[in-house]
Amino acid sequence: MAETIFTKIIRKEIPAQIVYETDSILAFKDINPKAPYHILIIPKIEIPDLRSIDGVIHSELLGKLIDAANKVAEILGVKEKGYRIVINCGEEGGQEVYHLHLHLLAGKKLGWNPA
Ligand code: AMP
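The model shown is predicted, which means the values in this text are computed figures rather than measured ones.

**Q** Would you explain the site of the ligand in this entry?
**A** In the vicinity of the ligand there are 16 residues, among which Asp30, Asn88, Glu96, His101 and His103 approach most closely. A distance of 2.7 Å separates an oxygen atom of the ligand from a polar atom in the backbone of Glu96. One of the side-chain N or O atoms of His103 is found 2.8 Å from an oxygen atom in the ligand. With the chains in place, 87% of the 500 Å² that the ligand exposes on its own is no longer accessible. Those elements that place two or more of their residues in the shell around the ligand are α1 (5-10) and β2 (25-29). Among the elements that take part in the shell around the ligand, α1 stands out by supplying 3 residues, more than any other. Considered class by class, the residues forming the shell around the ligand number 7 nonpolar, 6 polar and 3 charged.

**Q** Please clarify how the environment of Gln17 should be interpreted in this entry.
**A** In this fold, Gln17 is placed in the loop between α1 and β1 (18-21). Considered as a pair, Gln17 and Phe28 are 11 residues apart in the sequence and their alpha carbons are 5.2 Å apart. Among all residues touching Gln17, those that are not within four sequence positions of it are Ala27, Phe28 and Lys29.

**Q** Could you clarify how one ought to interpret the environment of Gly77 in this entry?
**A** Within the secondary structure, Gly77 is located in the loop between α2 (59-76) and β4 (84-86). Placed 20 residues apart in sequence, Gly77 and Val97 show a C-alpha to C-alpha distance of 27 Å.

**Q** When you look at the side chain of Ser24 in this model, what are you seeing that I'm missing?
**A** Along the chain, Ser24 turns up in the loop between β1 and β2. The exposure class assigned to Ser24 is buried, which follows from its relative accessible area of 16%. Contacts of Ser24, omitting those with residues within four sequence positions, involve Ile42, Pro43, Lys44 and Lys64.

**Q** Explain a nonpolar patch on the surface here, please?
**A** Together, Leu50, Ile85 and Ile87 make up a nonpolar patch on the protein surface, roughly 200 Å² of accessible area in all. Tracing the backbone shows Ile85 in strand β4.

**Q** Before we go on, may I ask you to explain the packing of aromatic side chains in this structure?
**A** Both the distance between ring centres and the angle between the ring planes are used here to describe each pair of aromatic rings. One pass over the structure, following the stated rule, counts 1 aromatic pair. Here the aromatic rings of Phe6 and Phe28 are separated by 5.5 Å at their centres, their planes lie at 80°, and the arrangement is edge-to-face. Within this pair, whereas Phe6 is found in helix α1, its partner Phe28 is found in strand β2, the two being separated by 22 residues in sequence. For the pair Phe6 and Phe28, one class covers both residues: buried.

Calculation rules
- Residues numbered from 1 in each chain as written.
- Predicted model: local features only at pLDDT ≥ 70, side-chain atom pairs only at ≥ 80, totals over all residues.
- Heavy atoms only, no water.
- Near = heavy atom within 4 Å.
- Polar contact = N/O pair within 3.5 Å; in protein donor to acceptor, adjacent residues only side chain to side chain.
- Areas by Shrake-Rupley, 256 points an atom, 1.4 Å probe, with all protein chains shown as cover.
- Helix = DSSP H or I, 4+ residues; strand = E, 2+ residues; numbered from the N terminus.
- Nonpolar A, V, L, I, M, F, W, Y, C, P; charged D, E, K, R; others polar.
- Contact = heavy atoms within 4.5 Å.
- Buried < 20%, exposed > 50% of the residue type's maximum accessible area, 1.4 Å probe, protein only.
- Patch = residues over 30% accessible without salt bridge, like charges linked within 9 Å, V, L, I, M, F, W, Y side chains within 5 Å.
- Salt bridge = Lys/Arg side-chain N within 4 Å of Asp/Glu carboxyl O.
- Phe/Tyr/Trp six-rings, centres within 6.5 Å; stacked < 30°, edge-to-face > 60°.

Below you can see the structure in the form of structure tokens.
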């Protein structure tokens, strides 16, 4: 798998506004926010996209990503009001960076129009 810009962020070779980090997960502010709060939550291991996920092999990692999303929501102070998680997958899914990531969007009543 080709290395992406997110690998450089994980290695701290390029800057990012990190909001949460564990040994296996990193969460940082999206450079082009689509909501008042827009955080990317990524595994530190390189997985290109959702299609590369095996529900059994990656079950622990998936759980950690969801735990991280809840933790980030808590840190941002949006857990009670709610938030949205988006995972873009592939060309028509709107994916630009091929390192699996959750978008956490929050901070206002979000619309629902992927078009
Ligand atoms: P996706 O289209 O789902 O692959 O999302 C990729 C996201 O990465 C986009 O929302 C970009 O704004 C974001 N992004 C790209 N480069 C950076 C960067 N250096 N720091 C933070 N976010 C980035």
